[in-house]
Amino acid sequence: ERAGKVGMAEGTREYVLLHSGDDVQLLEEKHLEQRFKKADLDGFLVRVYNYYRGKGFLCVLLAQIFNIGLVLWVSLVVAFALSFVNYSKLFSEDNVEDAIRIRFPLNPIFWIFVIVMGAFILWQIARFVVSIPALVEVRDFYHRRLHISDEQIQTMRWVDVVKEIIRADLNVKKSLTELDVAHAIMRRENYFIAMVNKKVVPLTVHLPVLGECVLLSRMLEFWLFRIVFEVMFNKGEKQLRVEAIEARSNEMHRRRLVRELQRQFRFWGIFLAVCSPFIFLFVLAYTVIRFGEEVKSSPSALSARQWSLLARWRFREFNELPHFFQQRLGLAFKPSEEYVEQFPSNVLATVARFILFLAGSVLVVVLVLSFLDPDLLVQTELFGRTGVWYIGVCGVVVAACRALIPDANCVFQPEAIMGRVATHTHYMPRAWIDLCHDYSVYNDFDILFEYRALAFLREIASVAVAPFILIVYMPSFAADIVSFFLACTDVAGEDVEEGVGHVCSFANFSFMKHGSAEYGAPRSAGVGQSLHGKMEQSFVNFKAAYPGWSVPKDGEQLLLELSSFLRHHPYLVRPRARRDTAAAHMTRSGAAAASSSAYVHPEDRPIHETDLLLELDPADLSLVRPALPCPSIGSIGYQAHRERVCVRVERCRVKE
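Residues numbered from 1 in each chain as written. Predicted model: local features only at pLDDT ≥ 70, side-chain atom pairs only at ≥ 80, totals over all residues. Heavy atoms only, no water.

Enquirer: Even after reading the chapter, I still don't get the overall build of the protein chain, so can you show me in this structure?
Expert: On a plain count of helices and strands, the protein chain comes out with 27 helices and 10 strands. Residue pairs at least 24 apart in sequence account for 69% of intrachain contacts in the protein chain once pairs closer than 6 positions are excluded. Of the roughly 33,600 Å² that the protein chain leaves accessible, carbon and sulfur atoms contribute 60%. (Helix = DSSP H or I, 4+ residues; strand = E, 2+ residues; numbered from the N terminus. Contact = heavy atoms within 4.5 Å. Areas by Shrake-Rupley, 256 points an atom, 1.4 Å probe, with all protein chains shown as cover.)

The structure is reproduced here in structure tokens:
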């Protein structure tokens, strides 16, 4: 008898084994079909994307386990340092064993720290255990619905994964699109990108002595996300709260939301201030261990730089997933290092050369003597220090001094280098145009491309500063935040299709609300438009990343105008792109292909290579072979400057 009882409960799989293996497989497929039909895709698609970024089931599982192990190890180090080390004896006696002993009774701070961190670690373990079924569900989704193995994920493009997700029936709306997938994964991030772009909350402050200082840190970012989105959105859902929707037409509800947001800022600020001593110990220990290991293995890490958190939110585009964004930052890293090297401190370099000579001579003498007498390194002492100590200290000093001395072969061309940086960052404020050689631009760029040591110090200081910002600074911007959410949200059923949820209108590419004719949009929206053409740029780059995406009518007009411009000026595109464009007869898809393949060879890069790209003033246009770097073509301020740009380019062709 072929009958069997099949349980189709959510997240379970109970059935009686049938005689036919094909029937069992059919039942499993039917179960999976019911299992992956989600009413709310946000959390599920986030897990699907994280599974892709984590490169498979085993890698994601091990990463979570090792993350818990890291927290446990740092907590043990802090606990050991609190109670088992006598610091007065450690620095006054030669015998280290006398300074490191268990002391009874144990410090009360030790017990409080152990209780707090123990509870946190147990919570992390509980989260990990609870997340395993969800991870297994995502693995089954990849293997059985998308037919993608963990081995294929290692090298597979995300665009191809999205195509398979769209083919799968997830019961969200009539036709799931690439933009819907991006909305589900980046719903909250898109709002924050728009808030940074519109400067709803100032994230920098000018201090009398220190100058421009960045307020944003990892800790502050975490609490801003938690507080703002828990107040504005339903918990675990993709829609604004009913109060927020009603506040769009009711001033009383809007004021109530503002007061609630202010209360949440103050409450969590006080909570963070209470927990800050324990957080400080943990962050300090983690920073010392991580940064100390980097300095030990590579002393040049003292002068290494990285993109600040503020730069990441300024550069990131709407619906741009993290791995796409990281690729852009990686391409911009090398030219950014070259740019900051254009501004060496000559006074500091002179001092560094002298110190380098002294430290290098001591290092050489110690190494030569140790070669003649190997026991010199560990047995002979000079001023109470062995030769190993002098080698370690002098090695770090030499590495630090070399980083301060500019390269003798460095050619001063900041405008050209900044052009290469902007090609990948897609960021070029008007105040920087033709002033990239000035220290004012360098100081602004230094905030975005900062020293790693400074970033570590900011994270440590944020433990004390973040509570003050939440209690005192952020409540004054609560009204602006609420007004932004109410004005920049596309509601399901009104502005977008049902099933998509409420999305940021900037990320939904609402040209009627936020378009700028200066950047190719059909019309300008006035004060509602994005700054620096962020939305138009994001739109074109999203189309370049997902060529199969069907663009809205307003977007079609922008692409047609752009393709028309390139068709009349084919010398702006490299020869291969011109052949591809001609073969496609400049269709809409061909326009997107042209925008994604435009390129400038490094040897052909002129001083103002981004005049067409980033709205640099065409008055200084000195292009020999003008071209549009990829993939920033969406940031062309083309409609406002079209005639002027064309005239300047034609003059350059005549000169050539």
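Enquirer: How should I be thinking about the packing of helix α15 (residues 322-340) against helix α19 (residues 439-448) in this particular structure?
Expert: When two helices pack together, their arrangement is captured by the angle between the axes and the distance separating the axes. Between α15 and α19, whose axes approach to 11 Å, the crossing angle comes to 135°. As the angle between them shows, α15 and α19 are arranged oblique. Handedness of the crossing formed by α15 with α19: left-handed. Across the interface between the two elements, S336, Y339 and V340 from α15 touch V441, Y442 and F445 from α19. For the contact of α15 with α19, a count of residues per class yields five nonpolar, one polar and no charged. (Axes fitted to C-alpha atoms, helices over the stretch in contact; angles between N-to-C directions. Parallel < 35°, antiparallel > 145°, perpendicular 65-115°, else oblique. Left-handed = near helix turned anticlockwise from the far one by under 90°. Nonpolar A, V, L, I, M, F, W, Y, C, P; charged D, E, K, R; others polar.)

Enquirer: Before we go on, may I ask you to explain unusual backbone geometry in this structure?
Expert: Negative phi values dominate among residues other than glycine, just as trans dominates among peptide bonds. The residue N319 is not glycine, and still its phi comes out positive at about 65°. Tracing the sequence through the fold places N319 in the loop between α14 (309-315) and α15. Using a relative accessible area of 2% as the deciding quantity, one classes N319 as buried. Phi is positive for H532, close to 60°, though the residue is something other than glycine. (Buried < 20%, exposed > 50% of the residue type's maximum accessible area, 1.4 Å probe, protein only.)

Enquirer: I'm lost on helix α13 (residues 251-297) in this one. Help?
Expert: Working note: α-helix, 3.6 residues per turn, so residues spaced by three or four point in the same direction. Over its 47 residues, α13 runs only 59 Å from end to end, short of the ideal 69 Å by more than 12%, given 1.5 Å per residue. Of all the bends found along α13, the most pronounced is centred on S276 and spans about 55°, while P277, a proline, follows it within four residues. N-capping of α13 is provided by N250, with a side-chain oxygen placed 2.9 Å from the backbone N of M252. (Expected span 1.5 Å × (residues − 1). Bend = angle between axes of the 7 residues up to and from the residue. Polar contact = N/O pair within 3.5 Å; in protein donor to acceptor, adjacent residues only side chain to side chain.)

Enquirer: So what exactly am I meant to see when it comes to the environment of A399 here?
Expert: Note on placement: A399 falls in helix α17 (residues 387-404). A relative accessible area of 19% means that A399 is categorised as buried. For the pair A399 and L356, spaced 43 residues apart in sequence, the C-alpha separation works out to 8.6 Å.

Enquirer: It is not clear to me how the nonpolar core should be interpreted in this structure. Could you clarify?
Expert: When a protein is soluble and globular, its nonpolar side chains tend to lie buried together. Counting residues in each nonpolar core, the largest one holds 135 residues, and the members touching the most others are Y142, W158, M232, I481 and F485. Ignoring any residue separated from it by four or fewer positions in sequence, one finds Y142 in contact with V48, Y51, Y52, H147, I148, I153, W158 and V161. (Core = buried A, V, L, I, M, F, W, Y, C linked by side-chain atoms within 4.5 Å.)

Enquirer: Explain empty space enclosed by the protein here, please?
Expert: This model, assessed by the stated rule, comprises five cavities of 30 Å³ or more. Every residue along the wall of the largest cavity is listed here: F192, M195, V196, V201, L203, L224, F225, V228, F229, M474 and I481. Secondary-structure elements contributing two or more residues to the lining of the largest cavity are α10 (187-197) and α11 (218-232). Tallying contributions element by element places α11 first for the lining of the largest cavity, with four residues. Broken down by class, the residue content of the lining of the largest cavity amounts to 11 nonpolar, no polar and no charged. (1 Å grid on protein atoms, 1.4 Å probe; cavity = no way out; pocket = protein on both sides within 12 Å on 5 of 7 lines; lining within 4 Å. Points joined across faces, edges and corners; volume = space filled by probe spheres on them.)

Enquirer: What am I meant to see in the state of the cysteines here?
Expert: Between two cysteines, a covalent bond joining their sulfur atoms is known as a disulfide. A complete count under the given rule lists zero disulfides for this structure. Left without a disulfide partner, C488 is nearest to the cysteine sulfur of C504, which lies 6.1 Å away. (Disulfide = S-S within 2.5 Å.)

Enquirer: Help me out: how do you make sense of the packing of α13 against helix α20 (residues 452-473) in this one?
Expert: Close contact between α13 and α20 brings their axes to 7 Å; oriented N to C, the two are set at 170°. The angle between α13 and α20 places the two elements in the roughly antiparallel class. A breakdown of the residues in the contact of α13 with α20 according to their chemical character gives 18 nonpolar, three polar and five charged.

Enquirer: Quick question: what am I supposed to make of helix α3 (residues 57-83) here?
Expert: In a regular helix each residue adds 1.5 Å, so 27 residues correspond to 39 Å; α3 covers 40 Å between its end C-alpha atoms and thus fits that length. Along α3, the residues that are buried comprise F57, V60, L61, I68, V71, V74, S75, V78, A79 and S83. Where α3 is buried, its residues contact α2 (42-54), α6 (108-145), α7 (150-153) and α13.

Enquirer: Is there a simple way to think about the environment of S516 in this case?
Expert: Inspection of the secondary structure assignment puts S516 in the loop between α22 (511-514) and α23 (534-545). With 14 residues separating them in the primary sequence, S516 and S530 have C-alpha atoms 7.6 Å apart.

Enquirer: Any chance you could explain the pairing of strand β4 (residues 211-214) here in plain terms?
Expert: Along any regular strand, the residues point their side chains to alternate faces of the sheet. By the bridge criterion, four bridges tie strand β3 (residues 204-207) to β4 in an arrangement that is antiparallel. Each residue of the ladder has a partner; that of L207, found in β4, is G211. With antiparallel pairing between neighbouring strands as the criterion, β3 and β4 make up a hairpin whose turn holds three residues. (Pairing = 2+ DSSP bridges.)

Enquirer: So what exactly am I meant to see when it comes to the pattern of salt bridges here?
Expert: Oppositely charged side chains can form a pair if their charged atoms are brought close together. Taken as a whole and assessed by the stated rule, the structure comprises 13 salt bridges. A salt bridge links E137 to R47; the nearest nitrogen and oxygen atoms lie 3.9 Å apart. Taken together, the residues E137 in helix α6 and R47 in helix α2 connect sequence positions 90 residues apart. What makes R47 partly exposed here is its relative accessible area of 33%. The partner of D490 in a salt bridge is K513, and the shortest N-O contact between them spans 2.8 Å. Within this pair, whereas D490 is found in strand β9 (residues 489-490), its partner K513 is found in helix α22, the two being separated by 23 residues in sequence. On the basis of relative accessible area, D490 is assigned to the buried category, the value being 1%. What makes K513 partly exposed here is its relative accessible area of 29%. Through salt bridges with shared partners, a single ionic network connects E251, R254 and R255. (Salt bridge = Lys/Arg side-chain N within 4 Å of Asp/Glu carboxyl O.)

Enquirer: I keep staring at the packing of aromatic side chains and nothing clicks. Help me out?
Expert: What describes a pair of aromatic rings is the distance from one ring centre to the other and the angle between the planes of the rings. For the structure shown, the criterion picks out 45 aromatic pairs. The interplanar angle of 15° and the centroid separation of 4.7 Å between the aromatic rings of Y191 and F485 together place this pair among those described as stacked. Within this pair, whereas Y191 is found in helix α10, its partner F485 is found in helix α21 (residues 478-487), the two being separated by 294 residues in sequence. Both residues of the pair, Y191 and F485, count as buried. Taking the centre distance of 5.3 Å and the plane angle of 80° together, the rings of F222 and W223 count as edge-to-face. For F222, a relative accessible area of 49% gives the class partly exposed. Among the residues examined, W223 registers a relative accessible area of 9% and is labelled buried. Within the aromatic cluster, the residues linked to one another by ring pairs are W307, F315, F333, Y339, F343, F412, Y427, W432, Y439, Y442, F445 and F449. (Phe/Tyr/Trp six-rings, centres within 6.5 Å; stacked < 30°, edge-to-face > 60°.)

Enquirer: Would you explain the confidence of the model for the protein chain in this entry?
Expert: Reading fine detail from the predicted coordinates is not recommended where pLDDT is low. Mean pLDDT for the protein chain: 75, with 74% of residues reaching 70 or above. Counting interchain partners and residues more than four positions distant, the pLDDT-below-50 stretch residues 1-22 has 34 contacts. In this model, residues 574-656 is a region of pLDDT below 50 whose contacts with residues beyond four sequence positions or in other chains number 155 contacts. (pLDDT = per-residue confidence, 0-100.)

Enquirer: I tried to follow a nonpolar patch on the surface on my own but got confused; where do I start?
Expert: The grouping of V347, V351, F354, I355, F357 and L358 at the surface amounts to a nonpolar patch, some 610 Å² of accessible area in total. Looking at the element boundaries, V351 is found in helix α16 (residues 346-372). For V351, a relative accessible area of 43% gives the class partly exposed. (Patch = residues over 30% accessible without salt bridge, like charges linked within 9 Å, V, L, I, M, F, W, Y side chains within 5 Å.)

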